Amino acid sequence: MRGSSPTAGPGRRPVIAAGLRRPTRRRLMAAASIAAALLCGGPAAALGPVATPTPDHRCASWTPTRRVLFGDLHVHTALSFDANSLGVRNLPSDAYRFARGQELGIQPYDKDGKARRHARLERPLDFAAVTDHSELLGELHQCHTPGAPGYDSLVCVTQRRWPLLAYIFVSSRMLNTEKPERYGFCGERGELCRNAASGPWKMIRDAAEEAYDRTDACSFTSFVAYEWSGGPGGNMTHRNVIFADEKAPNLPISFIDERQGEGLWKRLEEECAKEGCRFLTIPHNTNLSNGMLFSRETATVEDARRRRELEPLMEVMQHKGDSECRAGAADEFCSFEKLPFSRMEEQPFEFRWKQPGPLSFAREIYGDGLKREARLGVNPFRLGMIAATDTHLATAGLVDERGYPGHGAGGDTSRVEVPLVPDSLAFNPGGLAGVWAEENSRESIYAALKRREVYATSGPRIVVRFFGGFGYADGMCDSQTLAEDGYAGGVSMGGELNTNPEDGVDADAGGAPGVRKRPTFVVSALQDAGTQASPGTPLDRLQIVKIWLDGGEVHEKVFDVAETDWENAEDSLDASTCAAPSGGSASLCAQWRDEEWDSAKSALYYARAIEVPSCRWTGHLCAKVRADCSRKDSIPEGFEFCCQDSVAKTVRERAITSPIWISPGG
Amino acid sequence: MTRRLASGLLWLTLVLCVPLPFFLVEVGHQPVAAIVQLLGVTVALIAVEGSDGAASLAAWMLAAQALLGMVVLALAATVLVRNIYRVAPARGGAAVLVLIAAILAVALTQPIYITPFRAAGLHATLTEVFE
């Protein structure tokens with residue numbers, strides 16, 4: 001089937017740039033050359049209010065119309081109990097070295113301690129954050145520090161002797177439970193282990209400080225960060241905590257200290273009031289939360305306001321699956337990197353697999369946010385979208401499908417042997433966060449995260465702009481000043497459109513008083529340029545997803561706003577060799593007006609840029625061993641999945657922008 | 001050597017040396033004695049730190065697999081000894097001792113065990129399993 005499937009409203013055929021001409025290939029290509037400069041930070045025009053005021057900006061590449069930066073805000077190292085139990089030895093400083101483009105040895109290790117595998121990014125990241133689990137930081141430190149009070153405890157002996165066994169026990173007692181408890185060796189009220197966390201926490205902070213490029217070159221930005229890993233009943237309520245700068249609490253707050261998001265934010269606010277720090281939190285793996293990140297919390301107006309302020313983003317794509325929308329929805333592109341279970345503890349037992357509960361996917365969460373806004377007057381779930389790897393091997397940003405070595409934790413471990421198949425088949429290399437910032441600095445990126453001018457990519461560095469406004473002139477895609485006009489006449493991704501009555505009336509709509517203009521959106525994308533060794537994959541289409549509230553019911557609809565004239569890229573990809581696919585376009589741009597918009601109804605819109613099919617990591621493996629399903633003897637042992645339809649061999653990589661919200665009355 | 005003693009010795013050897021498949025989240029091939037060792041650690045953890053879901057479940061799974069392995073190996077030892085004594089009634093004891101020595105030799109020199117929980121590596125000899 002070609003095209004997406006609108007899920008509501010009359011007519012199955014998606015509206016193409018309603019009210020405007022459909023973009024032709026020629027126009028797209030013409031616009032591409034203009035957009036390329038603009039999207040990547042073209043000449044700095046005087047834009048006045050467009051740029052975030054950054055009085056101390058210092059980077060040589062400061063760009064008022066903002067430039068896209070790619071990074072990974074979810075990275076684990078050997079300081080995380082689970083990664084350590086999997087034989088990972090790389091530390092935060094190694095993760096940052098890797099992010100900056102240096103080669104890194106990864107598990108397994110031989111008897112001499114030499115890494116038996118190595119990895120390197122083809123393109124360094126612009127920014128990264130090591131987010132080791134705050135839980136068990138102190139316990140692990142004690143277990144590996146001779147002379148520490150807990151070193152000779154049974155738990156620590158078990159951890160050193162049978163690390164995986166210890167991880168199973170410890171995660172059950174302290175992570176995947178309603179009531180986490182510290183072990184006896186942590187002393188009264190767990191103070192010994194809590195204080196022991198100061199050592200590794202300092203290591204994390206020092207590594208971030210060391211990696212941050214404070215020169216005018218601004219080549220790399222690191223963030224002090226950690227992961228708060230709640231797991232009531234095995235349902236993930238994990239959040240990464242990102243600090244704006246080097247200031248952070250003396251100790252990270254863990255799930256053992258605070259068991260709910262509200263408690264976490266309150267404690268962080270208290271700690272940061274003392275330390276002068278600023279922070280935001282980013283929940284992830286809503287697909288494994290059974291909705292508990294959103295259903296249990298945020299009942300009051302005050303809670304909703306605090307949440308909206310402190311939790312501006314969610315991570316919708318990573319190693320452990322995609323969380324944008326539920327598989328099986330009318331939108332065919334939702335069947336993408338979905339896990340077949342709803343909690344990690346179901347994973348080993350197929351008979352226990354269940355579908356994730358309500359509020360496990362971004363679209364459901366957005367819809368619930370609109371409902372809460374109608375009830376509370378505040379939408380606590382105005383969340384931008386990013387992606388990350390969640391690697392547990394310290395391999396920040398390693399998203400290449402080709403040569404994927406796995407990311408550990410939850411997947412296959414590679415702890416003691418180089419595996420034939422490096423990960424659980426349902427897992428994937430994860431994605432990246434795209435951030436529109438004036439410069440590659442903590443101040444600028446943090447501001448972009450706060451205002452949600454960010455997007456998720458499933459790995460490729462697709463460059464996407466998404467603007468929405470009521471006053472855009474036609475022909476934005478042909479404009480040489482797309483970004484300037486986009487900011488001047490509306491808002492970028494993550495923004496909120498003002499619909500106050502004093503904004504005026506729409507002359508196009510008859511000029512009658514009270515008749516509102518229609519919101520217009522501009523989405524422009526450039527394919528990942530790739531490298532000489534691994535060229536990027538062309539784009540297939542641009543879509544705008546609309547979610548709105550009508551009579552208390554949430555509706556959603558997907559619009560194809562730009563498509564290539566390529567008909568069936570699935571056929572153009574030779575999955576047996578994974579040779580570069582044909583078809584698609586290097587760039588796409590569309591301007592689309594929502595003719596169905598009703599100013600009385602809350603709505604949000606986000607854009608998706610979807611590539612033509614390319615080989616998934618499983619497909620690359622099957623191509624490498626030349627698996628031929630017509631000849632059983634060509635299938636090596638362990639590669640039977642190459643001939644199983646249930647295991648995807650191709651993938652539709654994508655970028656998903658943060659939404660633009662429009663609420664009645666602003 | 002009595003047949004009963006021979007059976008007992010052979011059973012102990014099999015419990016110590018024969019790699020049996022076992023499952024606890026990961027799959028491995030370990031001697032029953034190693035499974036008992038893991039069971040012991042798990043029970044000790046429960047005794048010291050209190051019970052929780054995973055530890056209790058693991059203890060039950062390990063206990064069940066250890067018990068099953070012991071029973072199977074007891075049957076195997078009994079059948080083997082009976083047949084050895086039937087073939088060589090006068091030298092049955094010596095034959096059993098030779099068999100035990102051969103099993104030990106293989107177990108001590110060949111990495112026939114798959115030990116998913118051991119920190120030092122997946123494939124191991126008997127001494128490495130317990131070292």
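Remember, predicted model here, so these are calculated numbers, not experimental data.

Some details on the overall build of chain A
Reasoning step 1: The helix and strand inventory of chain A stands at 16 helices and 25 strands.
Reasoning step 2: Within the span of chain A, comprising 666 residues, buried residues form 63% of the whole.
Reasoning step 3: Excluding contacts between residues fewer than 6 apart, the proportion of contacts in chain A whose partners are at least 24 apart in sequence is 74%.
Reasoning step 4: Looking at chain A as shown, the accessible area adds up to about 23,700 Å², and 50% of this sits on carbon and sulfur atoms.

Comments concerning the overall build of chain B
Reasoning step 1: Of regular secondary structure, chain B possesses five helices and four strands.
Reasoning step 2: Its helices and strands in sequence order give chain B the pattern α-β-β-α-α-α-β-β-α, from N to C terminus.
Reasoning step 3: Over its C-alpha atoms, taken along the principal directions, chain B stretches across nearly 55 × 25 × 20 Å.
Reasoning step 4: Per-residue burial for chain B yields a buried fraction of 40% across its 131 residues.
Reasoning step 5: Within chain B, contacts between residues at least 6 apart in sequence are counted, and of these 55% link residues at least 24 apart.

Focus on the side chain of Thr657 of chain A
All names here are of chain A.
Reasoning step 1: As for its placement among the helices and strands, Thr657 is situated in strand S24 (residues 654-657).
Reasoning step 2: Since its relative accessible area comes to 0%, Thr657 is described here as buried.
Reasoning step 3: Contacts of Thr657, omitting those with residues within four sequence positions, involve Met385, Val454, Tyr455, Val464, Phe466, Met493, Tyr606 and Ala607.

Remarks on the interface of chain A and chain B
It is common to report an interface's size as the accessible area lost on association of the parts.
Reasoning step 1: The interface is formed by 22 residues belonging to chain A together with 30 residues belonging to chain B.
Reasoning step 2: It is Arg161, Trp162 and Phe169 of chain A in chain A that bury the most area against chain B; as a group they hold 29% of the surface buried on that side.
Reasoning step 3: Taken together, the connections running from chain A to chain B amount to one salt bridge.
Reasoning step 4: Note that Glu49 of chain B and Arg173 of chain A form a salt bridge whose closest N and O atoms lie 3.9 Å from each other.
Reasoning step 5: Applying the counting rule to chain A against chain B returns five residue pairs in polar contact (both at pLDDT 80 or more).
Reasoning step 6: Sorting the residues of the side of chain A that touches chain B by element identifies helix H5 (154-161) and helix H6 (163-174) of chain A as the ones contributing at least two each.
Reasoning step 7: If you tally residues by element for the side of chain A that touches chain B, the top one is H6 of chain A, at seven residues.

Regarding unusual backbone geometry
Residue and element names in this part refer to chain A.
Reasoning step 1: Of note, the bond from Gln107 into Pro108 is cis; its omega dihedral lies within 30 degrees of zero at 0 degrees.
Reasoning step 2: Locating Pro108 in the fold gives a position in strand S2 (residues 104-109).
Reasoning step 3: One non-glycine residue with positive phi stands out, namely Asn285, at about 50 degrees.
Reasoning step 4: By secondary structure assignment, the location of Asn285 is in the loop between strand S8 (279-283) and helix H10 (292-295).
Reasoning step 5: At Leu359, a position not held by glycine, the phi torsion is positive, near 65 degrees.

Looking at the sheet that holds strand S10 (residues 321-322) of chain A
All names here are of chain A.
Reasoning step 1: Strand order across the open sheet formed by three strands is S10-S9-S11, with mixed pairing between neighbours. The open sheet has two free edges, formed respectively by S10 and strand S11 (384-387), since each of these has just one partner strand.
Reasoning step 2: Across four bridges, the pairing between strand S9 (residues 313-318) and S11 is parallel. Opposite Met314, over in S11, you have Met385 as the bridge partner.
Reasoning step 3: Lying over the sheet, helix H12 (residues 362-376) contacts S9 and S11, oriented at roughly 160 degrees with respect to S9.

Overview of the sheet that holds S8 of chain A
Residue and element names in this part refer to chain A.
Reasoning step 1: Here we have three strands laid out as an open sheet, ordered S6-S7-S8, and antiparallel in their pairing. This sheet does not close on itself; its edge strands, each paired only once, are strand S6 (225-230) and S8. The mean angle between the axes of side-by-side strands here comes to 25 degrees, regardless of whether they run parallel or antiparallel.
Reasoning step 2: For S6 and strand S7 (residues 237-243), the ladder comprises six bridges, and the chain directions are antiparallel. Of the residues in S7, the one forming a bridge with Ala225 is Ile242.
Reasoning step 3: Contacting S7 and S8, helix H13 (residues 442-450) runs over the sheet at an angle of about 55 degrees to S8.

Quick notes on the confidence of the model for chain A
Residue and element names in this part refer to chain A.
Reasoning step 1: Here chain A averages 87 in pLDDT, and 87% of its residues register 70 or above.
Reasoning step 2: Below pLDDT 50 for its whole length, residues 1-38 participates in 97 contacts with residues either more than four positions away or in separate chains.
Reasoning step 3: Note that residues 40-51 has pLDDT below 50 and, in this model, 21 contacts with residues that lie over four places away or in other chains.

Focus: the state of the cysteines
All names here are of chain A.
Reasoning step 1: Applying the stated criterion across every chain, the model contains nine disulfides over all chains.
Reasoning step 2: Note on cysteine connectivity: Cys143 is disulfide-linked to Cys156, with sulfurs 2.0 Å apart. In this structure, the disulfide formed by Cys143 and Cys156 twists by about -75 degrees around the S-S bond and is classed as left-handed. One end of the pair, Cys143, is in helix H4 (residues 137-143); the other, Cys156, is in helix H5, and 13 residues separate them in sequence.
Reasoning step 3: Covalently, Cys477 is tied to Cys589 through a disulfide, its sulfur atoms 2.0 Å apart. The sign of the S-S torsion, about -85 degrees, decides the handedness of the disulfide formed by Cys477 and Cys589: left-handed. One end of the pair, Cys477, is in the loop between strand S14 (463-469) and helix H14 (482-489); the other, Cys589, is in strand S20 (residues 587-593), and 112 residues separate them in sequence.
Reasoning step 4: The exposure class of Cys477 is buried, given its relative accessible area of 9%.

Remarks on the environment of Glu209 of chain A
Residue and element names in this part refer to chain A.
Reasoning step 1: Residue position: Glu209 is located in helix H8 (residues 198-211).
Reasoning step 2: Owing to a relative accessible area of 29%, Glu209 belongs among the partly exposed residues under this scheme.
Reasoning step 3: Linking Glu209 and Phe467, residues 258 residues apart in sequence, is a C-alpha distance of 34 Å.
Reasoning step 4: Contacts of Glu209, omitting those with residues within four sequence positions, involve Arg214, Ser222, Glu246 and Arg442.

Cut-off values and rules
- Residues numbered from 1 in each chain as written.
- Chains lettered and ligands numbered in written order.
- Predicted model: local features only at pLDDT ≥ 70, side-chain atom pairs only at ≥ 80, totals over all residues.
- Heavy atoms only, no water.
- Helix = DSSP H or I, 4+ residues; strand = E, 2+ residues; numbered from the N terminus.
- Buried < 20%, exposed > 50% of the residue type's maximum accessible area, 1.4 Å probe, protein only.
- Contact = heavy atoms within 4.5 Å.
- Areas by Shrake-Rupley, 256 points an atom, 1.4 Å probe, with all protein chains shown as cover.
- Buried area = accessible area lost by both parts, 1.4 Å probe.
- Salt bridge = Lys/Arg side-chain N within 4 Å of Asp/Glu carboxyl O.
- Polar contact = N/O pair within 3.5 Å; in protein donor to acceptor, adjacent residues only side chain to side chain.
- Pairing = 2+ DSSP bridges.
- Axes fitted to C-alpha atoms, helices over the stretch in contact; angles between N-to-C directions.
- pLDDT = per-residue confidence, 0-100.
- Disulfide = S-S within 2.5 Å.

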